[in-house]
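Secondary and tertiary structure notes
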Amino acid sequence: MARVDVIRVKGGARLAGDVRVGGAKNSALKLMAVALLAEGRSVVSNVPRITDIAIMAEVLRRLGCDVTLEGTEAIIDVPAEPGSEADYDLVRRLRASICVLGPLLARRGYVRVALPGGDMIGSRGLDMHVSGLARMGAEISGEHGFVIASAPAGLRGAKIWLDFPSVGATENILMAAVLAKGVTEIDNAAREPEIVDICNMLVEMGAKIEGAGSSTLIVEGVEALKPVRHETIGDRIVGGTWAFASVMTRGDVTVHGVRPEFLDIALDKLVTAGARVEPGDNRFRVVMADRPRGVDIVTLPYPGFATDLLPMALGLAAVAEGSSLITENIFDGRFMFVNEMVRLGADIRTDGHHAVVNGRDRLSGAPVRATDIRAGAGLVIAGLCADGVTEVGEVHHIDRGYPDFVSDLENLGVEVERTDVPEPTFDF
Ligand code: EPU
């Protein structure tokens, strides 16, 4: 019987052409939560058409919002008093729904959000979210699998040092601080372009924020915010995936819709591997004539090399000339999919957070399984450099981050086919 939920690719393709990338998943999801901070209708445009956005829409609906997803717009009507509870059923399907914690606490003074639980890429704690909000005066407890936060007298500004520039903790604290009394300073804040995007939307809504894109965010709380229309930035991880795919297949791909400066280090690594990169205005071209050379890569918080591109970095190393040392510093479980890469013939040995990869001229097509969004995309791309057909199973993971993955591959010249699952339960 044929396996369902799989993408099959024929190896040996050379990717060539243009690919348009939509809005960043990790921005759009949070921008939808930002809308909770103001009563009335906000519109987030350039949202990617992916399952996670549909789940986030459902989270907001259950909080009493009227949400419509139309094309690439999320239209969110927020009531005067949104609900204050996000249940396990949705939070377990979308870990990012934890980002309603900050805004709801700020608006309602009470919130109960299910704990998201474990994840295939690592343990992913919430201690920094919790201790940051506690510094602002919230009382936080956990029971029956929920985080319960209350601030009956309102939140007040505080100085918060993050142990690590956590993206999610920075966002939750930021979204709480914009409506708190007084000034909040977040030190060692995350600097990702998605954080800057969130700050930009908040400022358009009337928030007072300084330092967006730096390690210190200074937020002066205001009484109320107003709804706005905001356009999501392009998805640098999807753009980066195509850049790596171009180099691995000795291709010539122009990526549209992503600012190349969001990928500075990644593109520089590709140049070290032998590629030619031509940056443009909200687009870039990546051309590769020969077999790539091995490059050492270390993942770090932005502006370091993004952990979400680690599977692509391993794929590149697996087909490059020579050996590469790849180091993961963000998620303890990110190497869990390496066994699948090894099934494709990659010569990878891991030890703790390091992987030593000896490049092979060609991988060898095999059935493998996606374990998360990025691993899934990385395996399909690696399959392009394999002899024969590679069949990647459980590709619903890929749907969570790449809206048009199969048709994009086709348009770039890949022989690809998908056998689908009858799973999606949310409509656009
Ligand atoms: N961490 C803690 N305690 C905390 C918060 C984080 O220990 O209170 C740890 C985590 O366990 C992890 C590390 O810090 O090991 C980084 O976590 P961070 O909070 O920075 O990441 P996140 O907000 O959970 C977002 C993206 C991820 C992306 C990371 C890093 C969203 C929805 N997710 O996760 O994206 O890898 O930042 O850039 O924004 C993906 O899109 O596939 C994805 C996993």
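Since the model is a prediction, treat every value here as computed from it, not as a measurement. Positions within a chain are numbered from 1, following the residues in the order the chain's sequence is written. Predicted model: local features are reported for residues with pLDDT of at least 70 only, side-chain atom pairs are reported and counted for 80 or more only, and whole-chain, interface and lining totals are derived from all residues. For side-chain calculations, the full set of non-hydrogen atoms in the structure is used, while hydrogens and water are omitted.

What to know about the nonpolar core
Ranked by size, the top nonpolar core spans 81 residues in total, and within it Ile-76, Val-100, Met-136, Leu-202 and Leu-225 carry the most contacts. No other element matches the seven residues that helix α2 (residues 51–62) contributes to this core. Those residues in contact with Val-100 that lie beyond four places of it in its chain are Ala-33, Leu-36, Met-56, Val-59, Leu-63, Ala-86, Val-113 and Asn-172. Counting residues in hydrophobic clusters, the runner-up holds 74 residues, among them Trp-242, Val-277, Val-319 and Val-392. The set of buried Ala, Val, Leu, Ile, Met, Phe, Trp, Tyr and Cys residues whose side-chain atoms join them within 4.5 Å is what this entry labels a nonpolar core. Here's how the labels work: a residue is buried when its accessible area is under 20% of the maximum for its type, exposed when over 50%, partly exposed in between, all with a 1.4 Å probe on protein chains only. Here a helix means four or more residues in a row that DSSP labels H or I, a strand means two or more in a row labelled E, and each is numbered from the N terminus. Contacts are assigned to residue pairs with any non-hydrogen atoms lying within 4.5 Å of each other.

Thoughts on the domain arrangement of the protein chain
Residue ranges assigned to each domain were obtained from an automatic or database domain assignment. Split into domains, the protein chain comes out as domain 1 (3–21 + 235–422) and domain 2 (25–231). The centre of domain 1, based on its C-alpha atoms, is set 30 Å off from the matching centre of domain 2. Taken together, the contact between domain 1 and domain 2 spans 22 residues of the former and 18 residues of the latter. Each of two parts loses accessible area, computed with a 1.4 Å probe, when they are put together; buried area is these two losses added. Ranking the residues of domain 1 by area buried against domain 2 places Tyr-302, Phe-331 and Arg-400 at the top, with a combined share of 30%. Criterion for a salt bridge: a side-chain nitrogen of Lys or Arg within 4 Å of a carboxyl oxygen of Asp or Glu. Counting across the interface, domain 1 meets domain 2 through two salt bridges. The salt bridge involving Asp-52 is made with Arg-400; its shortest N-O contact spans 2.8 Å. N or O atoms within 3.5 Å of each other form a polar contact, as long as, within protein, one can give a hydrogen and the other can take it, and as long as residues adjacent in sequence are counted only when both atoms are side-chain atoms. Run the count over domain 1 and domain 2 and you get four residue pairs in polar contact (both at pLDDT 80 or more). Ten residue types, Ala, Val, Leu, Ile, Met, Phe, Trp, Tyr, Cys and Pro, are classed as nonpolar, four, Asp, Glu, Lys and Arg, as charged, and the remainder, Gly among them, as polar. Broken down by class, the residue content of the side of domain 1 that touches domain 2 amounts to ten nonpolar, three polar and nine charged.

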